[in-house]
Amino acid sequence: MLLLELLLVKEGVIITTRKVLLTGDRPSGQLHLGHYVGSLKNRLQLQDSGDYDCFVLIADVQALTDNFDNPQKVRDNVYEVALDYLAVGLDPTRTTICIQSLMPALPELTVYYLNLVTVARLQRNPTTKTEIAQKGFKASIPAGFLCYPVSQAADITFCKAHVVPVGEDQLPHLEQTREIVRSFNSIYGEVLVEPEALIPSSAGSRRLPGITGTDSKMSKSLGNGIYLADDKDTLWERIRQMYTDPGHLRVEDPGQIEGNVVFTYLDVFGTDTAYIAQLKEHYQRGGLGDMKVKKYLFEVLDAELAPIRERRLEHAKDPGAVLEMLREGTKAANEVANATLREVRAAMKIDYFG
Ligand code: TRP
């Protein structure tokens, strides 16, 4: 299989001269436009460059840290996320797509890494902190949830990833992984690779706001998303509900574009920058109605999403093939993870029988 040509595992040691890319998503819902511009687009571009061995992990164990009481939801979304991947153009012959819970090396690495992290450090992680507040855990934070950044370090290091394309909110987790890698390598010897995060260049893509226009990012739990799987009517309905400028009551009133989600999206997704600049100028001057701008945004987004939607429907006709793709990908990823685990065990002097 192609992966083995690219990433050689010889006598338990990974031999590759190529750069390795890994990223992942929690299957706690379908993927939305925030995922698309925040990370999927970058990983597609790197996949298509041919310069990387690519791994994409469906992080169901991580999704269970705050959905442990809803296993069916996580199970269903593993399949939905796999469909989203295929729909946007991740290609299983070039990207190994794997399921976290079916890789036993990951929890084992996590246990070793937990010694290298303090509870205080985990409690200071800004992304985990925000999530803890949002989920209302208060004093009852599940230990698994607090520790998921450590399991994310196992995700990133099993294949010795150099590059991790992610949204901005993941930077604290990447920093924690880097600390764990440095600590591991200084205690046990140079085994692991310190990864670099790759985030989108534009601010709008790094943290795409939800359609309701509060300063929070797009997220399933906040119900403010546009999903890759949304049909045309749903897309229009979501754009119709989008937050604009509450002070722009009559068409002739001057409107604000700062914080106006429709314009934020046009900046992120539009390509005709001259026309968009003209729309902005007209809107600020007054005389341009929200509906007209929204209709244009609909055209722009639908042009990008229609081919994705079609490919998704096509793949959804054959769920067996999607599962088979996941099985194959997980098998290939396990070979790589087990090779890293052997090196880790040797470095930690727990390889008792050679
Ligand atoms: N924490 C990521 C998210 O919430 C998902 C994830 C799990 C991940 N493992 C990863 C991302 C490894 C990058 C690398 O979206």
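Quick caveat, the model's predicted, so the values are computed rather than measured. (Residues numbered from 1 in each chain as written. Predicted model: local features only at pLDDT ≥ 70, side-chain atom pairs only at ≥ 80, totals over all residues. Heavy atoms only, no water.)

Some details on the site of the ligand
- Taken together, 14 residues lie around the ligand, and Arg-26, Gln-62, Gln-152, Asp-155 and Gln-170 are the ones closest in.
- Gln-62 is positioned with one of its side-chain polar atoms (N or O) 2.7 Å from a nitrogen atom of the ligand.
- Measuring from a nitrogen atom of the ligand, one finds a side-chain N or O atom of Gln-152 at 2.9 Å.
- When the ligand is considered free in solution it has 370 Å² of accessible area, and contact with the protein chains removes 92% of it. (Near = heavy atom within 4 Å. Polar contact = N/O pair within 3.5 Å; in protein donor to acceptor, adjacent residues only side chain to side chain. Areas by Shrake-Rupley, 256 points an atom, 1.4 Å probe, with all protein chains shown as cover.)

Some thoughts on the environment of Leu-222
- Relative to the helices and strands, Leu-222 is located in the loop between helix 11 (203-206) and helix 12 (232-240).
- Separated by 122 residues in the primary sequence, Leu-222 and Gln-100 have C-alpha atoms spaced 25 Å apart.
- The contacts of Leu-222, once residues within four sequence positions are left out, are Ser-216 and Lys-217. (Helix = DSSP H or I, 4+ residues; strand = E, 2+ residues; numbered from the N terminus. Contact = heavy atoms within 4.5 Å.)

Examining the pattern of salt bridges
- Under the definition given, this model contains 27 salt bridges.
- With a shortest N-O distance of 3.1 Å, Arg-178 and Glu-194 are connected by a salt bridge. Here Arg-178 is found in helix 10 (residues 171-188), whereas its partner Glu-194 is found in the loop between helix 10 and strand 7 (196-198), with 16 residues between them in sequence.
- A residue is classified by how much of its surface remains accessible, and Glu-194, at 31% relative accessible area, is partly exposed.
- Among the charged side chains, a salt-bridge network with shared partners connects Glu-175, Arg-178, Arg-182, Glu-194 and Glu-196. (Salt bridge = Lys/Arg side-chain N within 4 Å of Asp/Glu carboxyl O. Buried < 20%, exposed > 50% of the residue type's maximum accessible area, 1.4 Å probe, protein only.)

So, the nonpolar core
- Ranked by size, the top nonpolar core spans 51 residues in total, and within it Leu-33, Tyr-265 and Phe-269 carry the most contacts.
- A total of nine residues in this core trace back to one element, the largest contributor, which is helix 4 (residues 71-88).
- Discounting residues that sit within four places of it in the chain, Phe-269 has contacts with Leu-33, Tyr-36, Val-37, Leu-208, Val-300, Leu-301 and Glu-304. (Core = buried A, V, L, I, M, F, W, Y, C linked by side-chain atoms within 4.5 Å.)

A closer look at helix 12
- Along helix 12, the residues that are buried comprise Leu-235, Arg-238 and Ile-239. One face of helix 12 carries all of its buried residues, which in axial projection span an arc of 95°.
- Considering only its buried residues, helix 12 is in contact with helix 15 (290-316). (Arc of directions from axis to C-beta.)

Examining the packing of aromatic side chains
- Summed over the entire model, instances satisfying the criterion amount to nine aromatic pairs.
- Where Trp-236 meets Phe-298, the ring centres are 5.7 Å apart and the plane angle is 75°; that geometry is what we call edge-to-face. Of this pair, Trp-236 sits in helix 12 while Phe-298 is found in helix 15, placing the two residues 62 residues apart along the sequence.
- Judged by relative accessible area, Trp-236 falls into the partly exposed class, the value being 22%.
- Taking the relative accessible area as the measure of exposure, Phe-298 reaches 17% and is therefore buried.
- An angle of 80° between the planes, with centres 4.8 Å apart, marks the rings of Tyr-275 and Tyr-296 as edge-to-face. Residue Tyr-275 is found in helix 14 (residues 273-285), and its partner Tyr-296 is found in helix 15; the two are separated by 21 residues along the sequence.
- Chaining the aromatic ring pairs together yields one cluster made of Tyr-113, Phe-184 and Tyr-188.
- Over the ring of Tyr-148 we find Arg-26, and its NZ or CZ is 4.6 Å from the ring centre. (Phe/Tyr/Trp six-rings, centres within 6.5 Å; stacked < 30°, edge-to-face > 60°. Lys NZ or Arg CZ within 6 Å of the ring centre and 35° of its normal.)

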